[in-house]
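Structural characterization, general
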Amino acid sequence: MKPAVLYPDAESYTCDRLDVLLAGEDCTIGIGKPTGWTTASDPHVQVNLDGTPRFNHPVVAYSTIRVTVWAYGTDTAKTLAATAMGLLLAEPYVSPLTGLLPASDKASGADLASFTCRVATRSEPITGS
């Protein structure tokens, strides 16, 4: 019988790491986009879980994380996204998936730049099971 385990939240882990790694940048960081964000706001680094397609159960889960920068100006969005990607990929449990993808959001007028990476999280035993 395999042990019962809990996998940490890769989305929260990535958000917390980016909060530390991008500490010197003028931006906000969070899961999802803040309510009321506009192109006059500071750039926002949005972190989202796109699924967990691979497991080496009961040891590790490999989650796909999408990071999207919302900004005013294509250069600002791409530069901040490239910085976030470079810093995240230096982390020991993060590996590349897609490179930068610039886009725009017609509803808000925002310039976007996103990338995906794979984040490995080690499980923890569920006690009492």
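What you see is a predicted model, and the numbers here were worked out from it, not measured in a lab. (Residues numbered from 1 in each chain as written. Predicted model: local features only at pLDDT ≥ 70, side-chain atom pairs only at ≥ 80, totals over all residues. Heavy atoms only, no water.)

Let's talk about the overall build of the protein
What the protein contains, in helices and strands, is 2 helices and 7 strands. The C-alpha extent of the protein, read off along each of the three principal axes, is 55 × 25 × 25 Å. Summarising the internal contacts of the protein: among those between residues at least 6 apart in sequence, 60% fall at separations of at least 24. Only carbon and sulfur atoms are counted for the fraction: they give 54% of the accessible area of the protein, which is about 7,100 Å². Measuring between centres, the 9 positive side-chain charges of the protein sit 11 Å from its 13 negative side-chain charges. (Helix = DSSP H or I, 4+ residues; strand = E, 2+ residues; numbered from the N terminus. Contact = heavy atoms within 4.5 Å. Areas by Shrake-Rupley, 256 points an atom, 1.4 Å probe, with all protein chains shown as cover. Lys, Arg positive; Asp, Glu negative; His and termini not counted. Charge placed at Lys NZ, Arg CZ, Asp CG, Glu CD.)

Things to note about helix α2 (residues 74–89)
Taking 1.5 Å per residue, 16 residues should reach 22 Å; α2 reaches 22 Å between its end C-alpha atoms and fits that length. Next to the buried residues of α2 lie α1 (10–21), β3 (44–56), β4 (60–71), β5 (94–105) and β6 (110–122). (Expected span 1.5 Å × (residues − 1).)

What about the pairing of β4?
The element β4 is extensively covered by neighbouring structure, given that 10 of its 12 residues are classed as buried. Sheet topology places β3 next to β4; 10 bridges connect them, and they run antiparallel. Considered in β4, the bridge of Gly51 is made with Thr64. Counting the residues between successive antiparallel strands, the hairpin from β3 to β4 contains 3 residues. (Buried < 20%, exposed > 50% of the residue type's maximum accessible area, 1.4 Å probe, protein only. Pairing = 2+ DSSP bridges.)

Side note on the packing of aromatic side chains
A complete count under the given rule lists 2 aromatic pairs for this structure. Note that Lys33 overlies the ring of Trp70, its terminal NZ or CZ placed 4.6 Å from the centroid. In this structure, Arg54 packs its charged tip against the face of Tyr62, placed 4.4 Å from the ring centre. (Phe/Tyr/Trp six-rings, centres within 6.5 Å; stacked < 30°, edge-to-face > 60°. Lys NZ or Arg CZ within 6 Å of the ring centre and 35° of its normal.)

Observations concerning the sheet that holds β4
Across the sheet, 5 strands lie side by side as β2-β3-β4-β6-β5; this open sheet has mixed pairing. At either margin of the open sheet sits one strand with a lone partner, and together these are β2 (28–31) and β5. Strand-to-strand, the axes of this sheet are offset by a mean angle of 25°, without reference to chain direction. By the bridge criterion, 9 bridges tie β5 to β6 in an arrangement that is antiparallel. From the neighbouring strand, Ser95 faces β6, where its bridge partner is Arg118. On top of the sheet, α2 reaches β3, β4, β5 and β6; it is set at about 10° to β6, its chief contact. (Axes fitted to C-alpha atoms, helices over the stretch in contact; angles between N-to-C directions.)

Points about unusual backbone geometry
It is generally the case that most residues other than glycine have a negative phi and that most peptide bonds are trans. For the peptide bond that leads from His57 to Pro58, omega is 15°, which places it in the cis range. Along the polypeptide, Pro58 turns up in the loop between β3 and β4.

Remarks on the pairing of β6
Consecutive side chains of a regular strand alternate in pointing toward one face of the sheet and then the other. Summarising burial for β6: 12 of the 13 residues are buried, a large majority. Bridge analysis of β4 against β6 gives 12 bridges, and the strand direction is antiparallel. From the neighbouring strand, Arg66 faces β6, where its bridge partner is Thr116. Hairpin geometry of β5 and β6 is characterised by an intervening segment of 4 residues between the two adjacent antiparallel strands and by a positive phi of about 80° at Gly109.

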